[in-house]
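Read off the chains here:
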Amino acid sequence: MKEDFLHYLWQNQKFDFTQLQTSQGDSIQILNKGIYTQLSGPDFFNAQIIIGTQKWAGNIEIHCKSSDWYLHNHQLDTNYDNTILHVVWEHDAEVFRKDNTEIPVLEMKGYVDFSLIAQYQNLKSQKTWINCENEIKYVESFVLNNWKERLYLERLEKKSVFILEQLKNSNNDWEETFFCSLAKNFGLNINGNSFFQIAKSIPFSVIRKESFDVNYLEALFFGKGNLIPENPEDNYAKNLKALSEYITIKYQLKESISEPIQFYKLRPDNFPTVRLAQLAMLYYKQKNLFSNILEAKSIIDIYNLFDVSVSEYWINHYNFDKPSKEKEKRLSKSFIDLLIINTILPFKFTFHLSLGKENTEDIVSFVEAIPSEKNAILDKFEYFGIVPQNAFDSQSLLQLKNEYCSKNKCLNCPIGLKLLKN
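Residues numbered from 1 in each chain as written. Predicted model: local features only at pLDDT ≥ 70, side-chain atom pairs only at ≥ 80, totals over all residues. Heavy atoms only, no water.

S.K.: Before we move on, can you summarise a negative patch on the surface with the specific residues and values?
M.R.: On the surface, a cluster of negative charge is made up of Glu149, Glu358, Glu361, Asp362 and Glu368. Counting residues per element, the negative patch draws most heavily on helix 15 (residues 360-368), which supplies 3 residues. Position of aspartate 362 relative to the elements: it lies in helix 15. (Patch = residues over 30% accessible without salt bridge, like charges linked within 9 Å, V, L, I, M, F, W, Y side chains within 5 Å. Areas by Shrake-Rupley, 256 points an atom, 1.4 Å probe, with all protein chains shown as cover. Salt bridge = Lys/Arg side-chain N within 4 Å of Asp/Glu carboxyl O. Lys, Arg positive; Asp, Glu negative; His and termini not counted. Charge placed at Lys NZ, Arg CZ, Asp CG, Glu CD. Helix = DSSP H or I, 4+ residues; strand = E, 2+ residues; numbered from the N terminus.)

S.K.: Mind laying out the layout of surface pockets, listing which residues take part and the relevant values?
M.R.: Empty space within the largest pocket amounts to approximately 910 Å³. In this structure, the largest pocket is lined by 29 residues; those nearest its centre are Lys159, Lys184, Asn185, Asn189 and Asn342. Elements that contribute at least two residues to the lining of the largest pocket include exactly helix 4 (141-169), helix 5 (174-186), helix 6 (188-201), helix 14 (333-354) and helix 17 (391-405). When the residues that make up the lining of the largest pocket are grouped by side-chain class, the tally is 11 nonpolar, 11 polar and 7 charged. By volume, the second largest pocket amounts to about 250 Å³. Lining the second largest pocket we find 14 residues, and of these Arg267, Asp269, Asn270, Arg275 and Ser332 sit closest to its centre. When contributions to the lining of the second largest pocket are tallied by element, the ones reaching two or more residues are helix 10 (272-285) and helix 14. Top contributing element to the lining of the second largest pocket by residue count: helix 14, with 3 residues. (1 Å grid on protein atoms, 1.4 Å probe; cavity = no way out; pocket = protein on both sides within 12 Å on 5 of 7 lines; lining within 4 Å. Points joined across faces, edges and corners; volume = space filled by probe spheres on them. Nonpolar A, V, L, I, M, F, W, Y, C, P; charged D, E, K, R; others polar.)

S.K.: Describe empty space enclosed by the protein, and please don't skip the residues or the numbers.
M.R.: Tallied over the entire structure, the rule returns 4 cavities of 30 Å³ or more. Taken as a whole, the largest cavity spans an internal volume of roughly 100 Å³. Listing elements by their share of the lining of the largest cavity, those giving two or more residues are helix 17 and helix 18 (414-421). In terms of residues, the lining of the largest cavity owes the most to one element, helix 17, which gives 3 residues. Considering only residue class, the lining of the largest cavity consists of 8 nonpolar, 2 polar and 1 charged. The wall of the second largest cavity is formed by Phe162, Gln166, Ser170, Glu176, Thr177, Cys180, Ser181, Phe196 and Lys200. Sorting the residues of the lining of the second largest cavity by element identifies helix 4, helix 5 and helix 6 as the ones contributing at least two each. For the lining of the second largest cavity, the element with the highest residue contribution is helix 5, accounting for 4 residues. Of the residues assigned to the lining of the second largest cavity, the class counts are 3 nonpolar, 4 polar and 2 charged.

S.K.: How would you explain the nonpolar core if you had to name every residue and give the values?
M.R.: Membership of the largest hydrophobic core comes to 75 residues, with the highest contact counts inside it found for Leu182, Phe222, Tyr283, Phe306 and Phe320. The greatest single-element share of this core, amounting to 10 residues, is contributed by helix 14. Sequence-distant contacts of leucine 182, defined by excluding residues within four places in its chain, comprise Leu279, Leu282, Tyr283, Leu289, Phe306, Leu339 and Thr343. Ile28, Val87, Trp89 and Ile117 belong to the second largest nonpolar core, which has 29 residues in total. (Core = buried A, V, L, I, M, F, W, Y, C linked by side-chain atoms within 4.5 Å. Buried < 20%, exposed > 50% of the residue type's maximum accessible area, 1.4 Å probe, protein only. Contact = heavy atoms within 4.5 Å.)

S.K.: Run through unusual backbone geometry, naming residues and quoting values.
M.R.: Positioned with a positive phi, leucine 188 is a non-glycine residue whose angle comes to about 55°. Within the element layout of this structure, leucine 188 appears in helix 6. Phi at lysine 329 is positive, roughly 60°, even though this residue is not glycine. For lysine 329, the position within the fold is in the loop between strand 9 (322-323) and helix 14.

S.K.: Can you break down helix 8 (residues 214-224) residue by residue, with the values?
M.R.: Most of helix 8 sits out of view: 9 of its 11 residues are buried. If you check which residues of helix 8 are buried, you get Val214, Leu217, Glu218, Ala219, Leu220, Phe221, Phe222, Gly223 and Lys224. In this structure, the buried residues of helix 8 make contact with helix 5, helix 6, helix 7 (204-210), helix 9 (235-250), helix 10 and helix 13 (312-315). One side-chain oxygen at the N-terminal end of helix 8 lies 2.8 Å from the backbone nitrogen of asparagine 215; it belongs to aspartate 213. Backbone geometry just after helix 8 places asparagine 226 at a positive phi near 55°. (Polar contact = N/O pair within 3.5 Å; in protein donor to acceptor, adjacent residues only side chain to side chain.)

Note that all results are geometric; they support no functional claim without further evidence.
This is how it looks when you write it as structure tokens:
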């Protein structure tokens, strides 16, 4: 027996509560089951019950066994002083308050339909990937669609926590905070942290001052990334090295990042040199990028803002001093989609949240206009009959897998609850 199942039983009153009795033989009448806190402290707050002829108001604590009260050291925690009922599956020990009065106990196993237990055990039994893999495709679309919207908002809310933390560190400069997060996503998974360190190591006031010339921005980015050769051969690399050294002295910048930038296993179009050159061109062309994004009314407006290529040198280079076949290297639509999903929409959501405004419908309309992502998790969902139609679906399913399925939180998931009811 698991505590999460007992929480489910109590919260949804999935037991015969017509003739409840405490382990001491007193009748129990539930007036209010309480608020399920899911936080530290008692499991259900501000419940109301009648035991015998006495009405009680207080908290409900739930355990598999009564003795778990002492196992979890609740007797030492003042948060549990107002516990009015100890709900357990198995009563194996008496529990007392500090004044030596006994806490009433409700032993649940005598009041629960064992067919419900069998359904729960079947749901949580070993599967190849997720617990509901054989049933999820049969869940009503109404249940699934409502849950996906909540999942996507949860994903945005989680990202907003990181954004707001970074905003504090930048003295509430939204443009600076956005630049750092955008740089991180330009680096993708392999170089994301390195690109983020590059962005954090350059005061955004310097970016603003030097954005009049794309070569200055390239000198900043490549210099901070330790990508300029020590003894460059061609004139561009020589000039960039000299410019990087000049800017470093001019603004008394700190040393370059220590985390190495990776080229291994990357396609040439994703080489960090190309991505940094694109980032430099973007900030050369868009002086107030985040403000412009806030004004964007459609996904097309955002595509237009990010319609950038690279400077002349990088059209026929992927690395310093090594000419290659000429290619424009414009930001692709698929790459811009990733930036919209992982940076732009979370920032739009967080910005409006900080103003106390609701923009959920706008955010959803943006993300629904983007094709679904492709990865191993989404391939698995598709295998089990759940096919994402757009990025709204794919983002919701990623949240479902990572925060619920992988953590066995079936009883916090409407899909799991629906299957249990059936």
